[in-house]
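Architecture and fold: a report
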Amino acid sequence: MTLDLEVHPHKRFNPLTGEWVLVSPHRTQRPWQGKQEQTESASRPSYDPGCYLCPGNQRHGGQQNPVYADTFVFTNDFSALLPDTPALVENPDDLFRVASEKGICKVICFSPRHDLSVPNMTQEAVELVVDVWKNEYEQFLLNPEISYVQIFENKGAIMGCSNPHPHCQVWASSGIPSIVALEQENQRKYREKHGVPMLVDYLARELEQQDRLIYRNEEFVVLVPFWAVWPFETVILPRQHCPSMDSFTIGQVRGFADAYRKLTQAYDRVFECEFPYTAGIHQAPATNAIHDDWQLHMHFYPPLLRSATVRKFMVGYEMLASAQRDITAEKAAGVLRQAMSRL
Ligand SMILES: [Zn+2]
Ligand SMILES: [Zn+2]
């Protein structure tokens, strides 16, 4: 008997993090039924006087937002990282190790409209968001105190996002965060062994196999990674080798915005709800060193499993032993392709 990835329990390896995920497809042999239920209406006012991100409103820190017309960037009034943290010589203690970390945390409002989100913004408006990301990365590249720029979006109350106003965060830090450092090290080793950046090779193989592809335009491809953990986890990958956003051409800005928009539109169709997720861009450190091992990518980690209200929890075996999923990456890609075809 040979191992059938659609039938038998097996493990898949994530080459970016070096971790395994346990896949148990036999637990979902029943045919896919995209259960759709009526959730609370997503109708929001285009302006909310109580929202600290809406134009002209006062924030909790006392600052007043300008009456902005497209995007708006400000330093988080309650930043997790601060630029003036005192330096500390890292202590050599193996058990009580401490290091200092400096940084800057910003918030980027995607639109003055409180009721919009990426899937229902215009292509031009999402391009402006990508332009702001590129610009932020470029600015931090000039700051010798900063080594890494993490751009991320939390969407939906289920993901702990306290405000539905479309926005994301940028946390720029003096050090390289652990997940990024891990992906960097694995990309370095892969390129050393194979001579090609890992995700460039990976995308070529995915384009051959086609099983996990969801969408592509001239510059980017959206797919469910082979080693996905979250039920509808996806990644946006550039077709060209591109370590970081500072080298984005106008075509890449356009293509990235298009992929981001189409993917989130498809997500919203899967369970006919505003699909929650945490998404973020991994890219080369914002330093002047050469980072050719890196291939920029954007991860999407949505928690929903079977309907607008049934989510996956990372508990039990997953907290103690290993990540696990039932629906295979190929099946999830099929569901997302289906949703994409209904756009
Ligand atoms: Zn608002
Ligand atoms: Zn990554």
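I will try to describe carefully the structure that is included in this document. These figures come from a predicted structure and were not determined experimentally.

Counting its regular elements, the protein contains six helices and twelve strands. Overall size of the protein, expressed as C-alpha extent along the three principal axes, is 65 × 55 × 45 Å. Expressed as a percentage of its 343 residues, the buried residues of the protein come to 38%. Long-range contacts, defined here as pairs at least 24 residues apart, represent 70% of the contacts in the protein between residues at least 6 apart.

Sheets are built from strands that pair by backbone hydrogen bonding, the pairs being arranged parallel or antiparallel. Pairing is antiparallel across the open sheet formed by nine strands, whose spatial order is 3-4-6-5-10-11-9-8-7. Edge positions in the open sheet fall to strand 3 (72-75) and strand 7 (213-216), since each of these has one partner strand only. Across the sheet, the axes of successive neighbouring strands diverge by a mean angle of 20°, strand direction being ignored. For strand 8 (residues 220-223) and strand 9 (residues 234-238), the ladder comprises four bridges, and the chain directions are antiparallel. Residue pairing across strands places Leu-223 opposite Val-235, the latter belonging to strand 9.

Moving on, we get to the pairing of strand 4 (residues 103-109). With six of seven residues buried, strand 4 lies mostly within the body of the structure. By the bridge criterion, four bridges tie strand 3 to strand 4 in an arrangement that is antiparallel. The partner of Phe-72 across the bridge, within strand 4, is Cys-109. The sheet contact formed by strand 4 and strand 6 (residues 167-173) spans seven bridges and is antiparallel. In the sheet register, Ile-104 faces strand 6, and the bridge partner there is Ala-172.

Turning next to helix 1 (residues 123-141). The terminal C-alpha atoms of helix 1, which comprises 19 residues, lie 27 Å apart, in line with the 27 Å expected from a rise of 1.5 Å per residue. Residues of helix 1 that are buried in the fold lie against strand 3, strand 4, strand 5 (148-155), strand 6 and helix 4 (250-270).

Where helix 1 contacts helix 4, the two axes come as close as 8 Å, and the packing angle between them is 115°. Crossing of helix 1 against helix 4: the hand is right-handed. Between helix 1 and helix 4, the contacting residues are Gln-123, Val-126, Glu-127, Val-130, Asp-131 and Lys-134 on the first element and Val-253, Arg-254, Phe-256, Ala-257, Asp-258, Tyr-260 and Arg-261 on the second.

Despite not being glycine, Gln-210 has its phi angle at roughly 70°, a positive value. Turning to its location among the elements, Gln-210 is positioned in the loop between helix 3 (198-209) and strand 7. Gln-210 sits in the exposed class, given 9 other C-beta atoms within 10 Å. Residues other than glycine seldom take positive phi values, yet Glu-272 does so here, at roughly 50°. Residue position: Glu-272 is located in the loop between helix 4 and strand 10 (277-282).

Thresholds, definitions, all that
- Residues numbered from 1 in each chain as written.
- Chains lettered and ligands numbered in written order.
- Predicted model: local features only at pLDDT ≥ 70, side-chain atom pairs only at ≥ 80, totals over all residues.
- Helix = DSSP H or I, 4+ residues; strand = E, 2+ residues; numbered from the N terminus.
- Buried ≥ 20, exposed ≤ 12 C-beta atoms within 10 Å, placed from the backbone.
- Contact = placed C-beta atoms within 7 Å.
- Pairing = 2+ DSSP bridges.
- Axes fitted to C-alpha atoms, helices over the stretch in contact; angles between N-to-C directions.
- Expected span 1.5 Å × (residues − 1).
- Left-handed = near helix turned anticlockwise from the far one by under 90°.

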